[in-house]
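Here's the letter readout for the chains.
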Amino acid sequence: MRKTQKLLHKVADLKIFSPFKAVFETIDGIVYGTPHVTPGAPHFLDHIEIKRFMIFAVAALIPTTVAAVYFFGLHVLWMIITSYVVGGIVEVSFALIRKREIEEGFLVTGLIFPLILPPTLPLWAVAIGSFFGIMFGKEIFGGTGRNIFNPALVGRLFITMAFPEIMSARWIAPFTDTLTSATPLTVFNGEGTITSLRELLFGIGLQTGAGSMGEVFRIGIIAGGLFLILAKVTDWKIPTFYLGSVALFSWILNMVSPQVAPPAFQLLSGGLLFGAFFMATDPVTTPYTKMGKVIFGVGAGILTVLIRGFAGYAEGVMFSIILMNGMTPLIDHMVMENKYRKSTI
Amino acid sequence: METKKKTFKGGFVFKGFQGYPLAVVESIGLPETVMYPLLDTKSLNEALVSKGDTVKAGQLLWQNDDVMGSPVIATINGTVKSIKPTMWEGSKVPVITVESDGTEKWTPVKGVTEDLDSLDAADIEETLYFAGVASSGRDGIPTRFNTSPIKSEEVQHLIVKHCESDVYNTDLSVLLRENTLEDFFDGLSLLKKIMPNARVYMAMNRKNPPWIKELSSDLFDEMVLVTPKYPQGQDEILTETVTGMKIPGECTPANASAIVLDVQTVLHVYDAVKTGKPLLEKIITMAGPGFSNRSHVKVRIGTSFDQIVKGRTAGKENRYIINSTMTGSAVSDMAKPLESDCNILIALEEGRVGEIMLWTKPGFRKHSIMNTMANAIFPLAKINNTNMNGEERACLSCGNCYNVCPSGLYPTQLFKYVERDKVDETVMRYGIFKCIDCNLCTYVCTAKIPLSDFMKEGKARLIKDGYASKKEILTSYGLKETE
């Protein structure tokens, strides 16, 4: 053991710090790594661990985050910091109360959550959303790995419901500061105009509307999502079937009803790409069975097209993913029962 | 001979590690003392020698035909120093200690035979039994003595394997340089004589083309080219890949009328029959970053591990592992002797000090199922020590375990059932008995959960609670019962 590590252990053993054991353990784990060795076969283990797993997702979000700061200014940075601080406090206090280790899940949630918010949202709203999302989306279920719903989406759902006015009229186009209620999707719902696909893809020159701060730079989202798939952090099935079913069903429904936008516009507008690559791929809240992943993707795709086309909301990604999150245990159960229906040994 | 490419679903390729051995054979000379534990008996009187006796290499020390296996034979010339009961993996067994007299000679088992064709199966079987070779491999070599759970005539598949799927493997060129290729083929035809009804397969790493060409011979009915991904070399998976019969973890290839042997055993068969040489010594592959110089060594069976690793440890705190880093057991006491089932000795450094800020560093020297920390591209030798590389957390359902599972199970789900004490028909229906204990799920787990331990516990409890018996497992997989 290193000298500094020994010192840390000595400080942690002091009586006044005894309620904060989890904090010291986390610092120990983050800085020095684990001193534990394998108890038996297998005698050495893969280098993947939860922190490394999470840092991959954060790395994949860097292009999107940098673009958001570039497009919408420094307020974005403050929103991210607020989200991390509030989320971190909730996570740490829960760990201390439960006398468990601090889990690393909020590293990703804390970054994803502000990225799905309008860029001018006041910081107090970010704080409330982050608190609610991590507390009721995750901690009350038992922490990372045991939650049913994606915590970032739970937080956003809460502030959408609680403060509808600031969530619907707080959008700005990149490089401007005029508040507007028009995103490409609301513009389509109102006037039937389709924003130029090239503008949507790069996020630059968006005149007709804006979006959540993380969803505007779509090239960056695609790059990050592909990186995660190539890195084998996320599975390719959910994004592929999600985007594929959105394209397919919007193509079919578009021929029936003009209320439904055509496939290319559906794919490139709103939070679909961000949702498909970063939220629907959260391993905890999506099915673990291979067939279940396919069902999840297709189901979320149909729901997205239906909500966007026929419901009162212009955006359907958040609702469809949350709904499918709720169905995940059922999907998994059905797939497993179907696969192993024969009663054999 | 037909050549077929076969593989299985799942699995994981281990490559680019530190500590691969050189393809040379070194001799470490004769050991001063050797020990022979009589593992299958408790009685001191069963030993055929007594204290102070002079023994010759090849002489029988213990024999009991009621117990499956070969007799215990002396592997050096010398005198019996002591026969006393010693604690051995939880039970007291008699251990014979022999002090060497420094001579290398050995007594042939039988008369030396030049003409291998004239031998009949009975001669060969007798020689193999008294040479100690017949108990090699998981199920032994079937003879008319009690050496294998199945009879010679019942064997339908004889599989010789060289899959190189583990982390560290024995080099084929080393084995076939010590003996020649002809010796290997002669050994094989001797085995074919014992098992006349068997279809003979050679399971060969398909990324080793020079040896595939050399080994192509009409003695084999089929050359199976396998992908060198773990756990292809494990007998259950290999039998399934080659013959198509699924072997659940509680059973052995013998239940599917198959015998799996490695190349070195075939050479021992040749040595025993052709020159009368009993199983005195083995070529042991010494690998792993814990050794300062790594090579293959020729060691007399019964030599203590202390004498084998002498001068190679470089003062490190090592863990010595027998045969495989994935499934092998660690050597608990270095004074213990080498047994005949050991082929590879691996030394891994105990990683008791974690690496600072490990998780933020690019993984140029890290071996991981996630292949982008660039570890798949960079040819730097990968670090491997016994550190856990992370803390245990709740399961994320990341999918690594069921993507690599060679039996197509969902270890994460089975683990949740066993952890919550719900060990009943459901886990059985989810296929827990298909688990072959390859430990790959534990290896790739992101949350560092010992998944394979839970699988073992689940299986043991199902059998204990009477949900399934070995007989029921065998019938449900269409396998035969053996002794």
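Reading the values: the criteria
Residues numbered from 1 in each chain as written. Chains lettered and ligands numbered in written order. Predicted model: local features only at pLDDT ≥ 70, side-chain atom pairs only at ≥ 80, totals over all residues. Heavy atoms only, no water. Pairing = 2+ DSSP bridges. Helix = DSSP H or I, 4+ residues; strand = E, 2+ residues; numbered from the N terminus. 1 Å grid on protein atoms, 1.4 Å probe; cavity = no way out; pocket = protein on both sides within 12 Å on 5 of 7 lines; lining within 4 Å. Points joined across faces, edges and corners; volume = space filled by probe spheres on them. Nonpolar A, V, L, I, M, F, W, Y, C, P; charged D, E, K, R; others polar. Domains from an automatic or database assignment. Contact = heavy atoms within 4.5 Å. Buried area = accessible area lost by both parts, 1.4 Å probe. Salt bridge = Lys/Arg side-chain N within 4 Å of Asp/Glu carboxyl O. Polar contact = N/O pair within 3.5 Å; in protein donor to acceptor, adjacent residues only side chain to side chain. Buried < 20%, exposed > 50% of the residue type's maximum accessible area, 1.4 Å probe, protein only. Axes fitted to C-alpha atoms, helices over the stretch in contact; angles between N-to-C directions. Parallel < 35°, antiparallel > 145°, perpendicular 65-115°, else oblique. Left-handed = near helix turned anticlockwise from the far one by under 90°. Patch = residues over 30% accessible without salt bridge, like charges linked within 9 Å, V, L, I, M, F, W, Y side chains within 5 Å. Areas by Shrake-Rupley, 256 points an atom, 1.4 Å probe, with all protein chains shown as cover. Lys, Arg positive; Asp, Glu negative; His and termini not counted. Charge placed at Lys NZ, Arg CZ, Asp CG, Glu CD. Expected span 1.5 Å × (residues − 1). Phe/Tyr/Trp six-rings, centres within 6.5 Å; stacked < 30°, edge-to-face > 60°.

Bringing the sheet that holds strand 7 (residues 78–88) of chain B into the picture now. Sheet strands line up and pair through hydrogen bonds in the backbone, either parallel or antiparallel. All names here are of chain B. Judged by pairing direction, the sheet is antiparallel, and its four strands sit side by side in the order 3-8-7-4 without closing on themselves. A strand with exactly one partner marks an edge of an open sheet, and here the two such strands are strand 3 (33–37) and strand 4 (54–55). Looking at chain direction, strand 4 and strand 7 are connected through two bridges and run antiparallel. Pairing of Val55 across the sheet is with Gly78, part of strand 7.

Here the focus is empty space enclosed by the protein. In this structure the tally under the stated criterion is seven cavities of 30 Å³ or more. When its volume is computed, the largest cavity comes out at roughly 340 Å³. Along the wall of the largest cavity there are 24 residues; nearest its centre are Met54, Val108, Ile112, Asp282 and Pro283 of chain A. Within the lining of the largest cavity, the residues separate by chemical class into 14 nonpolar, eight polar and two charged. A domain-level breakdown of the lining of the largest cavity finds at least three residues from each of domain 2 (47–179 + 187–227) and domain 3 (234–335) of chain A. What the second largest cavity holds in volume is close to 100 Å³. Around the second largest cavity, the lining is made up of 15 residues, and of these Cys405, Pro406, Cys435, Cys438 and Cys441 of chain B lie nearest the centre.

Interface size is often expressed as the accessible area that is lost when the parts come together. All names here are of chain B. What the domain assignment lists for chain B is domain 1 (1–30 + 120–350), domain 2 (31–100) and domain 3 (390–476). Across the boundary between the two partners, domain 1 contributes 21 residues, which contact 19 residues of domain 3. Between domain 1 and domain 3, roughly 1600 Å² of surface is buried when both sides are summed, and carbon and sulfur atoms account for 66% of that area. Between domain 1 and domain 3 we count one salt bridge in total. Residue Glu250 is joined to Lys459 by a salt bridge in which the shortest nitrogen-to-oxygen separation is 3.6 Å. Applying the counting rule to domain 1 against domain 3 returns seven residue pairs in polar contact (both at pLDDT 80 or more). Of the residues belonging to the side of domain 1 that touches domain 3, the class tally is 11 nonpolar, six polar and four charged.

Okay, the pattern of salt bridges next. A full pass over the atoms with the stated rule returns 32 salt bridges over all chains. Residues Arg393 of chain B and Glu104 of chain A are paired through a salt bridge, measuring 3.0 Å at the closest nitrogen-oxygen approach. Here Arg393 of chain B is found in the loop between strand 16 (344–349) and helix 8 (400–404), whereas its partner Glu104 of chain A is found in the loop between helix 4 (75–98) and helix 5 (106–115) on a different chain. With relative accessibility at 11%, the residue Arg393 of chain B sits in the buried group. Each of Glu49, Lys51 and Glu104 of chain A together with Glu391 and Arg393 of chain B takes part in salt bridges that share partners, so that together they form one network.

We now examine the packing of helix 3 (residues 50–72) of chain A against helix 5 of chain A. All names here are of chain A. The N-to-C vectors of helix 3 and helix 5 enclose an angle of 25°; their axes lie 10 Å apart at closest approach. Taken as axis vectors, helix 3 and helix 5 run roughly parallel relative to one another. Like other packed secondary-structure pairs, helix 3 and helix 5 cross with a definite hand, here left-handed. Between helix 3 and helix 5, the contacting residues are Met54, Ala57, Val58, Leu61, Thr65 and Ala68 on the first element and Leu107, Val108, Leu111, Ile112 and Leu115 on the second. Here the residues of the contact of helix 3 with helix 5 sort into 10 nonpolar, one polar and no charged.

A word on a positive patch on the surface. A contiguous patch of positive charge on the surface is contributed by Lys5, Lys15, Arg206 and Lys207 of chain B. Secondary-structure assignment places Lys15 of chain B in the loop between strand 1 (2–6) and strand 2 (25–27).

Of the residues lining the interface, 57 residues belong to chain A; the matching set on chain B comes to 73 residues. Taken together, the links from chain A to chain B amount to three salt bridges. Where chain A meets chain B, there are 28 residue pairs in polar contact (both at pLDDT 80 or more). Those elements that place two or more of their residues in the side of chain A that touches chain B are helix 2 (21–32), helix 3, helix 11 (218–230), helix 15 (290–310) and helix 16 (317–339) of chain A. Among the elements that make up the side of chain A that touches chain B, the one with the highest residue count is helix 3 of chain A (seven residues). Of the residues in the side of chain A that touches chain B, the class split is 28 nonpolar, 13 polar and 16 charged.

All names here are of chain B. When you line up the elements, His268 lands in helix 6 (residues 263–275). Overall, His268 belongs to the buried group, its relative accessible area being 10%. Apart from residues no more than four positions distant in its own chain, His268 is found in contact with Val133, Leu279, Glu281 and Lys282.

Quick look at the environment of Glu339 of chain B now. All names here are of chain B. Assignment of secondary structure puts Glu339 in the loop between strand 15 (318–322) and strand 16. Sequence-wise, Glu339 and Val200 are 139 residues apart; in three dimensions their C-alpha atoms are separated by 28 Å. Ignoring anything within four residues of it in the chain, the contact list for Glu339 reads Leu39, Trp88 and Ile301.

With that out of the way, let us pick up helix 7 (residues 151–162) of chain A. Residues and elements named next belong to chain A. Taking 1.5 Å per residue as the helical rise, helix 7 with its 12 residues ought to reach 16 Å, and the 16 Å between its terminal C-alpha atoms agrees with that figure. Regarding helix 7, the residues found buried are Pro151, Ala152, Leu153, Val154, Gly155, Arg156, Ile159 and Thr160. For helix 7, the secondary structure elements touched by its buried residues are helix 5, helix 6 (123–137), helix 8 (164–168), helix 14 (272–279) and helix 16.

To continue, consider the domain arrangement of chain A. When its domains are assigned, chain A resolves into domain 1 (3–32), domain 2 (47–179 + 187–227) and domain 3 (234–335). Once you take the C-alpha centre of each, domain 1 of chain A and domain 3 of chain A turn out to be 44 Å apart.

The final tally for this structure, using the stated rule, is 33 aromatic pairs over all chains. An angle of 35° between the planes, with centres 6.5 Å apart, marks the rings of Trp236 of chain A and Phe241 of chain A as tilted. Among the residues examined, Trp236 of chain A registers a relative accessible area of 46% and is labelled partly exposed. Taking relative accessible area as the criterion, Phe241 of chain A reaches 30% and is therefore assigned partly exposed. Ring centres of Tyr288 of chain A and Tyr410 of chain B lie 5.7 Å apart, and the angle between their planes is 70°; this geometry places the pair in the edge-to-face category. Highlighted residues: Tyr288 of chain A in the loop between helix 14 and helix 15 and Tyr410 of chain B in the loop between helix 8 and helix 9 (411–419), drawn from two different chains. Comparing Tyr288 of chain A with Tyr410 of chain B, the two get one shared label, buried. Taken together, the ring pairs connect Phe44 of chain A together with Phe12, Phe14, Phe17, Tyr230 and Tyr443 of chain B into an aromatic cluster.

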